[in-house]
Amino acid sequence: MIEKKFIFEPSHSDSLTEGSVTWQSPSNIALVKYWGKTDPQIPKNASISFTLSNCHTTTTLIYTPKSAPSKSFDFNVFLDGIEKQDFAPKIEEFFKRIEIYLPFITDYTFEIHTENSFPHSSGIASSASGMSALSLCLMSIQKIVDPNISESDFIEKASFLARLGSGSAARSIEGPLVVWGEHSNIFGSSDLFGIKYPDAIHQVFTTFNDTILLVDKGVKQVSSTIGHKLMLDHPFAQARFDQAKDNMSRLIPILEKGDLDAFIDIVEKEALSLHAMMMTSDPYFILMKPNTLEIIESIWAFRKSSGCHICFTLDAGANVHVLFPERDKKRVDEFIKEELAGYCQNKQFISDHVGSGAKSVAS
Ligand code: PMV
């Protein structure tokens, strides 16, 4: 399926120049999860995420016009200054998918320099922030040739391109809350790109904290690409997609009113449903580790004894995201340091909070 609206056709290509652009894009954590898709990266249900702030990827794209025309994708990719040939196939695949929308990419040789704010192989996926930052850099090159593109078209197409690199990357452009996937109760929502959550958001959610507990920093045994595929003939797939749709509808008044008890109920249910899908796939698999469960039980006990509005969510791995409002920060920080850090590899965790989206960095 080709989306005509996003095809960029420059009237002439004689204005190619060399240069570099830099974007910093945040990671995100889904509250209602995306798990299951069809080609080309069309989600089976709408998802919504908090945009993060401290966990981000910074990408500089250096572009040089090719001396002789060719139809190949010419690029080298560097992580923290070191060339990473193993990243090339994923980027080659991404370029193939987006070439129709940015035909100029074969006119240039690229150097892609990327770095993450979070520790390398921390088990935090860099694909969302990484694909978002690269897509924004490519859009900045389009803007040089097409300076009249509006801010909203620029953002929308960046999310559209990022989605083709990694589904959840579509949600890593703006903040504080982003919806990706068509939902009848969310105006403007689309399967093709993420949108800034358009409805009322209670102030409590604009300053929410997310502390990421690094339980297992190893490489996952099952990638999310495989996990999404396993949803295609999963016996509980339809019920899961219906549940996600329903949870999204229920979340709308909760986000408006700041109803933290109801928020916790949906967020934890979503995390456990995601992992229940993994455990009931064919073949089945488990990404949680014993310490993931220890942490969940400690959070439940602390919530009961302290009255703090603390809850957990999980992405496709063993790490735990601890979510809590700013007003509980002092007590929760202490609890994390004293109790939960002991379940983390080398006692490592990352304190983050809701953020406002990607930023262009002056080069
Ligand atoms: O973007 P992907 O293909 O890595 O999938 C991400 C899936 C989850 O992180 C598990 C859920 C989500 O909505 O982010």
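Right above here is the structure, for reference.
Analysis parameters
- Residue numbers here run from 1 along each chain, matching the order of that chain's written sequence.
- With pLDDT at 70 or above as the cut-off, local features in this predicted model cover only qualifying residues; side-chain atom pairs require 80 or more to be listed or tallied, and sums for whole chains, interfaces and linings still use all residues.
- With hydrogens and water excluded, all non-hydrogen atoms of the structure serve as input to the side-chain values.
- Helix numbers and strand numbers start at the N terminus; a helix is a DSSP run of H or I with at least 4 residues, a strand a run of E with at least 2.
- Per-residue accessibility, obtained with a 1.4 Å probe over protein chains only, is compared with the maximum for each type, and a residue is labelled buried under 20%, exposed over 50%, and partly exposed between these values.
- At least two bridges found by DSSP between two strands is the condition for calling them paired.
- The axes are straight lines fitted to the C-alpha atoms, using for helices just the contacting stretch, and the angles between their N-to-C directions are given from 0 to 180°.
- Crossing handedness is read from the near helix: turned anticlockwise from the far helix by less than a right angle, it gives a left-handed crossing, and turned clockwise, a right-handed one.
- Residues are treated as being in contact if the distance between any of their heavy atoms lies within 4.5 Å.
- Each residue is assigned to one of three groups, with Ala, Val, Leu, Ile, Met, Phe, Trp, Tyr, Cys and Pro labelled nonpolar, Asp, Glu, Lys and Arg labelled charged, and all others, Gly among them, labelled polar.
- Each residue is tested against the molecule or strand, and it is near if at least one of its non-hydrogen atoms lies within 4 Å.
- For this analysis, a polar contact is any N or O atom pair within 3.5 Å, provided that within protein one partner can donate a hydrogen and the other can accept it, and provided that sequence-adjacent residues contribute only side-chain to side-chain pairs.
- Surface exposure here means Shrake-Rupley accessible area, sampled with a 1.4 Å probe, where a residue is shielded only by the protein chains that are shown.
- Domains are outlined according to an automatic or database domain assignment.
- Take the buried residues of types Ala, Val, Leu, Ile, Met, Phe, Trp, Tyr and Cys, join any two whose side-chain atoms come within 4.5 Å, and each joined set is a nonpolar core.
- The arc in question is traced by the directions running from the helix axis to the C-beta atoms.
- Within this scheme a cavity is a closed region of a 1 Å grid, computed over the protein atoms alone, that accommodates a 1.4 Å probe without allowing it to escape, whereas a pocket is open but has protein on both sides within 12 Å along at least five of seven lines; lining residues each have an atom within 4 Å of a point.
- Grid points are joined across faces, edges and corners, and a volume is the space filled by probe spheres set on the points.
- The working definition used for a salt bridge is a side-chain nitrogen of Lys or Arg within 4 Å of a carboxyl oxygen of Asp or Glu.

Describing the environment of Ala-68
Mapped onto the fold, Ala-68 is located in the loop between strand S4 (47–65) and strand S5 (74–79). The partly exposed category is assigned to Ala-68, whose relative accessible area is 46%.

Overview of the pairing of strand S7 (residues 108–116)
Sheet topology note: the S4/S7 ladder contains 9 bridges and is antiparallel. Across the sheet, Thr-58 pairs through a bridge with Glu-115, a residue of S7. Looking at chain direction, S5 and S7 are connected through 6 bridges and run parallel. Paired with Asp-74 across the two strands is Thr-109, which belongs to S7.

Concerning the packing of helix H7 (residues 290–306) against helix H8 (residues 329–338)
Running from amino to carboxyl end, H7 crosses H8 at an angle of 140°, the nearest separation of the two axes being 12 Å. For H7 against H8, the interelement crossing comes out right-handed. Here Ser-298, Ile-299, Phe-302 and Ser-306 of H7 lie close against H8, whose contacting residues are Arg-331, Val-332 and Phe-335. Partitioning the contact of H7 with H8 into residue classes produces 4 nonpolar, 2 polar and 1 charged.

Brief notes about the site of the ligand
Looking at the ligand, there are 13 residues lining it, with Tyr-34, Ser-168, Arg-171, Ser-224 and His-228 nearest. Ser-166 is positioned such that a nitrogen or oxygen atom in its side chain is 3.2 Å from an oxygen atom of the ligand. Ser-224 is positioned such that a nitrogen or oxygen atom in its side chain is 2.9 Å from an oxygen atom of the ligand. Protein chains bury 89% of the 380 Å² of accessible surface belonging to the ligand in isolation. The residue makeup of the shell around the ligand, split by class, is 5 nonpolar, 5 polar and 3 charged. Of the residues that make up the shell around the ligand, three or more belong to each of domain 1 (4–200) and domain 2 (206–353).

A short note on the nonpolar core
Residues Ile-48, Phe-95, Phe-110, Leu-138 and Phe-263 are the most contacted members of the largest nonpolar core, which totals 76 residues. Sort the elements by how many residues they give to this core and helix H2 (residues 127–145) lands first, with 8 residues. Residue contributions to this core reach at least three from each of two domains, namely domain 1 (4–200) and domain 2 (206–353). With sequence-adjacent residues up to four places away left out, Phe-263 is seen in contact with Leu-31, Phe-50, Phe-205, Phe-208, Leu-251, Ile-254, Leu-255 and Cys-311.

Looking at H8
By the burial criterion, the buried members of H8 are Val-332, Phe-335 and Ile-336. With its buried residues spanning 100° around the axis, H8 presents them on a single face. Among the exposed residues of H8, those pointing more than 90 degrees away from its buried face are Lys-330, Lys-337 and Glu-338. Looking at the packing, one finds that the buried side of H8 touches strand S10 (209–213), H7, strand S12 (320–324) and strand S13 (349–353).

Description of the layout of surface pockets
The calculated volume of the second largest pocket comes to roughly 180 Å³. Taken together, Pro-43, Lys-44, Asn-45, Ala-46, Glu-182, His-183, Ser-184, Asp-191, Gln-238, Phe-241, Asp-242 and Lys-245 make up the lining of the second largest pocket. With 4 residues, the top contributor of residues to the lining of the second largest pocket is helix H5 (residues 237–257). Considered class by class, the residues forming the lining of the second largest pocket number 3 nonpolar, 4 polar and 5 charged. No fewer than three residues from each of domain 1 (4–200) and domain 2 (206–353) sit in the lining of the second largest pocket.

Focus on the side chain of Glu-156
For Glu-156, the position within the fold is in helix H3 (residues 151–165). Residue class for Glu-156 comes out buried when judged on its relative accessible area of 18%. Once residues lying within four places of it in the same chain are set aside, the contact partners of Glu-156 are Lys-5, Phe-6 and Phe-193.

Focus on the pattern of salt bridges
A complete count under the given rule lists 8 salt bridges for this structure. Where Glu-268 meets Arg-303, a salt bridge forms, and the shortest distance between an N and an O atom there is 2.8 Å. Of this pair, Glu-268 sits in helix H6 (residues 260–279) while Arg-303 sits in helix H7, placing them 35 residues apart in sequence. Under the relative-accessibility criterion, Glu-268 is labelled buried at 7%. Two residues, Asp-333 and Lys-329, come together in a salt bridge whose shortest N-O distance is 2.9 Å. Of this pair, Asp-333 and Lys-329 both sit in helix H8, separated by 4 residues, roughly a single helical turn.

Considering the sheet that holds S13
Strand pairing in a sheet is mediated by backbone hydrogen bonds. Such pairs are either parallel or antiparallel. Judged by pairing direction, the sheet is antiparallel, and its 4 strands sit side by side in the order S11-S12-S10-S13 without closing on themselves. The sheet is open, and its two borders are formed by strand S11 (311–314) and S13, each paired with just one other strand. Averaged over all adjacent pairs, the angle separating strand axes in this sheet is 25°, with direction ignored. Sheet analysis places S10 next to S12, joined by 5 bridges and oriented antiparallel. Looking at S12, one finds that Asp-210 is bridged to Leu-323. Each of S11 and S12 is contacted by H6, which is oriented at about 30° to S11, the strand it contacts most.

Don't take any of this as a statement about function, it's just geometry.
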